[in-house]
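# Coordinate inspection notes
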Amino acid sequence: MRALLFSLLMLLPATDLARAQSKAAPKAGAPTTETRYFTALDGFMDGADVILKETRQGRVVTSAVLDVCYAPAKGSDHKDRFVANLQANGPALTGTTQTTSDKAPVTVKLARKQNGETVDFKGQISIGTTVHEIASNDNSDLSEKEYLENQSSDESIASAPKDFTEVSPEAVGIRVSLESAADFLKTLKGQNLEVTLSSLSVGCDALRAGTLVINLTTDPAHAPALIAKAKTFPGVTAAGWTNGIIQMDRTILFPAAGWRDGDKLNRDKIATTVAGVLSQTLGATLATSAWNDNTGKLKLTFKKPSTLVPSLQLTETIEVEAMVSADKPGTTDKLLLWVGNPTDTTADESTGPKLNINDDSTGDEEAEPRSDGGAVAALAKELKGQRWDSESSTWQSP
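Residues numbered from 1 in each chain as written. Predicted model: local features only at pLDDT ≥ 70, side-chain atom pairs only at ≥ 80, totals over all residues. Heavy atoms only, no water.

Moving on, we get to helix α5 (residues 223-231). Along α5, the positions that sit buried rather than exposed are Ala223, Leu226, Ile227 and Ala230. Along the long axis of α5, the arc covered by the buried residues comes to 95°, so they all point the same way. Opposite the buried face of α5, by more than 90 degrees, sit the exposed residues Ala225 and Lys229. (Buried < 20%, exposed > 50% of the residue type's maximum accessible area, 1.4 Å probe, protein only. Helix = DSSP H or I, 4+ residues; strand = E, 2+ residues; numbered from the N terminus. Arc of directions from axis to C-beta.)

Now the structure itself:
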């Protein structure tokens, strides 16, 4: 009897442990928790960029996050955003928050309906005193893996590129926090540079990232100092070179010897040489030549008689932009010359009464570029330079 009682007492701890394990272990076939995303929600708010993130157990939604970026005024470039954590109560999704910029109160009341493989959303979103009726049907969702794969960015800022074959020497990109962006832009006033207007717009990507990428164009010789100074400004998280005007098939690599006065480019010599070669290949006479101190570009203008209707004595004006820079940041004994595609206009510049001409070809983006008569090849020969071979990604002698 005593032996039996002892055996029962010894079994108790094992029984308790088994019960605890039984409670902790999930039941076989229990629904798993997963995250799904809706990123193409039409009918939510006019022109809004909407992301709805749902957390589910099986097919049951347990919570959701609604991220909406929108224009408070129709047609306005100003964007605002709100992120609302939504509670799930059956098909109802509800929550409150406020907008990021304008601090307007937001109330979300949505009804979710499974419609086969897609989902319908109906309800209201109130922002301040404005009520938006929501009717968004046949929405397909994405897995978290699919959603993250779609979050691509074409932003490219290289703080220390090995050379200027992937980024452009005159193009500078600066990523700065939204809170610091206005103060940083004020420091650029009065400097020899140009700010790209579109980069001043705070869009949905910037609101969600909390940063703004400001794109600048400056003389390649000034870019290193500009980048170094920008890196010291509070709120700047990245500064470097980015994509710009350089097209490798229209770029020449050539020795710097003979084209510098000390550490500065001999602009007069470069302009005279480029203009001389282009005059021959274009069959035109140089009219003007000027360097832009803000961008470092050389703008050349040529004129020649138009052959359209010779008796009218019309004049064809051809414009070509060019740029010279070091081939890489830092000390180097080589230079790059980029030559843009020529553009031309035709006008009556004869004496006496003029024929007014509407040159409708200037706005045709699909038109073939005007021939430069082999200018890039001729300049490569004149400068004893090399051209870029895209197949081998190397510089090759002509």
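There's more to say after this.
Another point: the confidence of the model for the protein. The pLDDT averaged across the protein works out to 90; a share of 90% of its residues lies at or above 70. Low pLDDT, under 50, characterises residues 1-26; the predicted model gives this stretch 0 contacts beyond four residues in sequence or across chains. (pLDDT = per-residue confidence, 0-100. Contact = heavy atoms within 4.5 Å.)

Enumeration according to the criterion identifies 18 salt bridges in this entry. Salt-bridge contacts for Arg56 lead to Glu54; the nearest nitrogen and oxygen are separated by 2.9 Å. A relative accessible area of 9% places Arg56 in the buried class. Here Glu54 falls in the buried class, since its relative accessible area comes to 0%. In this structure, the salt-bridge partner of Asp141 is Arg56, at a minimum N-O distance of 2.8 Å. Linking Asp141 in the loop between β8 (130-139) and β9 (142-143) with Arg56 in strand β2 (residues 49-57), this pair joins segments that are 85 residues apart in sequence. (Salt bridge = Lys/Arg side-chain N within 4 Å of Asp/Glu carboxyl O.)

Ordered in space as β8-β7-β6-β5-β4-β3-β2-β1-β9, the 9 strands form an open sheet in which the pairing is antiparallel. Strands at the two margins of the open sheet, each flanked by one partner only, are β8 and β9. (Pairing = 2+ DSSP bridges.)

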